[in-house]
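# Topology and contacts: notes
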Amino acid sequence: MKPFILKAILVFALFSVTYFIQAQSKISPNSEVTTVPPAKPFKVLTNGKQITIQSKQNLKSLMVWTASGHRIVEEKELQTNSYTFTIPAKEKVFFIVIETAGGKRFTEKMGVK
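Description of the structure in this document. As the structure is a prediction and not an experimental result, all values here were calculated from the model.

From N to C terminus, the protein chain includes 1 helix and 5 strands. Listing every helix and strand of the protein chain by position from the N terminus yields α-β-β-β-β-β. Taking all 113 residues of the protein chain together, 22% fall into the buried category. Contacts in the protein chain between residues far apart in sequence, at least 24 positions, make up 48% of those at least 6 positions apart.

The following block contains the structure:
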């Protein structure tokens, strides 16, 4: 009888603990939760191997790498809101780092045909 009572108390304790302990707190209806990240202040336009980056703000710097790690574009102190370049490599996946005049950096992964 004693082992049965100990097992019952143990089971009750485990269920009580799992009921009261939660991994995340509940969100109140008055709190503001943003699940959508803010829109990026630029667009990446492609036309074959020609890439155009248009921004609402002036661009400060731009770097582009291939997926294998080769840097194909590095421009600093641009001070323009549009930049066009042609991809010389035969790779199809690229990584772009854009820094605006406000100092914010954005990264983008893109592919071309």
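Still to come is the rest of the account.
What follows is about the pattern of salt bridges. In this structure the tally under the stated criterion is 5 salt bridges. Among the ionic pairs, Lys 60 bridges to Glu 99, the shortest N-O distance being 3.9 Å. A residue pair is termed long-range when its members are at least 10 positions apart, and Lys 60 in strand 2 (residues 50-66) and Glu 99 in strand 4 (residues 93-100) qualify at 39 residues. Here Glu 99 falls in the buried class, since its relative accessible area comes to 11%. Between Glu 99 and Arg 105 there is a salt bridge whose closest N-O contact spans 3.6 Å. Among the residues examined, Arg 105 registers a relative accessible area of 60% and is labelled exposed.

About the thresholds
- Once a new chain begins, its residue numbering starts again from 1 and follows that chain's sequence as written.
- Thresholds applied to this predicted model are a pLDDT of at least 70 for local features of residues and 80 or more for the giving and counting of side-chain atom pairs; totals over whole chains, interfaces and linings are not thresholded and use all residues.
- Calculation of side-chain values draws on the structure's entire complement of heavy atoms; hydrogens and water are dropped beforehand.
- Helix and strand definitions here come from DSSP, where helices need a minimum of 4 consecutive H or I residues and strands a minimum of 2 consecutive E residues; each element is numbered from the N-terminal end.
- Burial status follows relative accessibility: with a 1.4 Å probe on protein chains alone, a residue under 20% of its type maximum counts as buried, one over 50% as exposed, and anything between as partly exposed.
- Pairs of residues are marked as contacts when any of their non-hydrogen atoms sit within 4.5 Å.
- Here, a salt bridge means any Lys or Arg side-chain nitrogen found within 4 Å of an Asp or Glu carboxyl oxygen.

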